[in-house]
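Listed below are the residues making up each chain.
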Amino acid sequence: MNLSPLRTYLFPLFLFFTFSLFSQNGEYNRWSAEVSTGIHVPLAPNDGISRKKYIAFKQFQLSGRYMFSDKFGVKGHYGFNRFANPDDTEIGISLNRLGLEGVANLGRILNVSYRLRERLGLLIHVGGGITFAQPATISGTEHIGNIMVGLTGQIKLSESFAFIGDLSYITNLKQHYAYNGALLDPNFESVSGSFITVSIGIMYYLGENKYHADWY
């Protein structure tokens, strides 16, 4: 797997989050990190595949989030998806994704009672990014723009940790290869692709204040 293009984008992203982490201040903590994993479901294109065979536990995501206030923030993420035929794991495509999203705390925006949102939270995230696709049928990497939208449910475990469940919809704007790695069109015409991820994970809150913006 050639990760050179991915490293080019990850390095400045890492520097940004490292620098910003040490500038955190205020009456509540603003930074959080999360890791999640789960299943993905290919929606389109479905050329040459049996969709149910490509639903698999082969995706994970790492994210860092900064809240400008207790309502709005921004989130950067790296995600990995591997679509493969269980009958022949050499047939498929790997997707390395980098993205930036806006985040909104729906509980605060909708003014939900504190008794409910003291332990339960709901975030919506919307944004875009770039996907580095590596089909099994070629040796190179295809760069694809993507747009995503999702909902993240939270259960507060402590002032430092929360359990999360996420449902996200991801659209690939110009996809040339199917989920089995095959070229979709002999004339190299692109299509819009899409898939859903269903994930669970852990969120960790960073900072020296007692509360994070999610629960303030």
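Scroll up a little and you will see the structure.
Below you will find a few notes about this structure. Residues take numbers from 1 onward in each chain, read along the sequence in its written order. Only residues with pLDDT of at least 70 are given local features in this predicted model, and only at 80 or more are side-chain atom pairs given and counted; all residues enter the totals for whole chains, interfaces and linings. Side-chain numbers come from the whole structure's heavy atoms, not from hydrogens or water.

1. Let's talk about the pattern of salt bridges
Okay, step 1: What makes a salt bridge here is a side-chain nitrogen of Lys or Arg within 4 Å of a carboxyl oxygen of Asp or Glu, nothing more. Counted under the stated rule, the structure contains 5 salt bridges.
Okay, step 2: Put simply, R108 and D70 hold a salt bridge, and the shortest N to O gap is 2.7 Å. One end of the pair, R108, is in helix α2 (residues 106-109); the other, D70, is in the loop between β2 (56-67) and β3 (72-85), and 38 residues separate them in sequence.
Okay, step 3: Since its relative accessible area comes to 12%, D70 is described here as buried. The secondary structure listing takes helices from DSSP runs of H or I that are at least 4 residues long and strands from runs of E that are at least 2 residues long, numbered from the N terminus. Burial classification: accessible surface area is computed with a 1.4 Å probe over protein chains only, and a residue below 20% of its type maximum counts as buried, one above 50% as exposed, and the rest as partly exposed.

2. Points about the nonpolar core
Okay, step 1: If you look at the biggest cluster of nonpolar residues, it comprises 12 residues: I49, Y54, F83, I93, L95, A133, I144, M148, I170, Y177, Y179 and F195.
Okay, step 2: Contributing elements (two or more residues each) for this core: β4 (88-105) and β6 (142-156).
Okay, step 3: Setting aside chain neighbours within four positions, we find I144 in contact with G129, I130, T131, A133, N172, L173, K174 and Q175. Nonpolar cores are built from buried Ala, Val, Leu, Ile, Met, Phe, Trp, Tyr and Cys residues. Side-chain atoms within 4.5 Å join them into one set. Contact between two residues is taken to exist if any of their heavy atoms lie within 4.5 Å; hydrogens are not considered.

3. Details of the sheet that holds β6
Okay, step 1: Two strands are said to pair when DSSP picks up at least two bridges between them. Taken in spatial order, the 8 strands close into a barrel running β1-β2-β3-β4-β5-β6-β7-β8, and their pairing is antiparallel. If you compare each strand with its neighbour and ignore which way they point, the axes differ by 25 degrees on average.
Okay, step 2: As paired elements, β3 and β4 share 14 bridges and run antiparallel to each other. Residue pairing for β4: K75 is matched across the bridge by E101. For helices, the axis comes from a line fit to the C-alpha atoms of the stretch in contact; other axes are also lines fit to C-alpha atoms, and the angle between any two N-to-C directions lies between 0 and 180 degrees.

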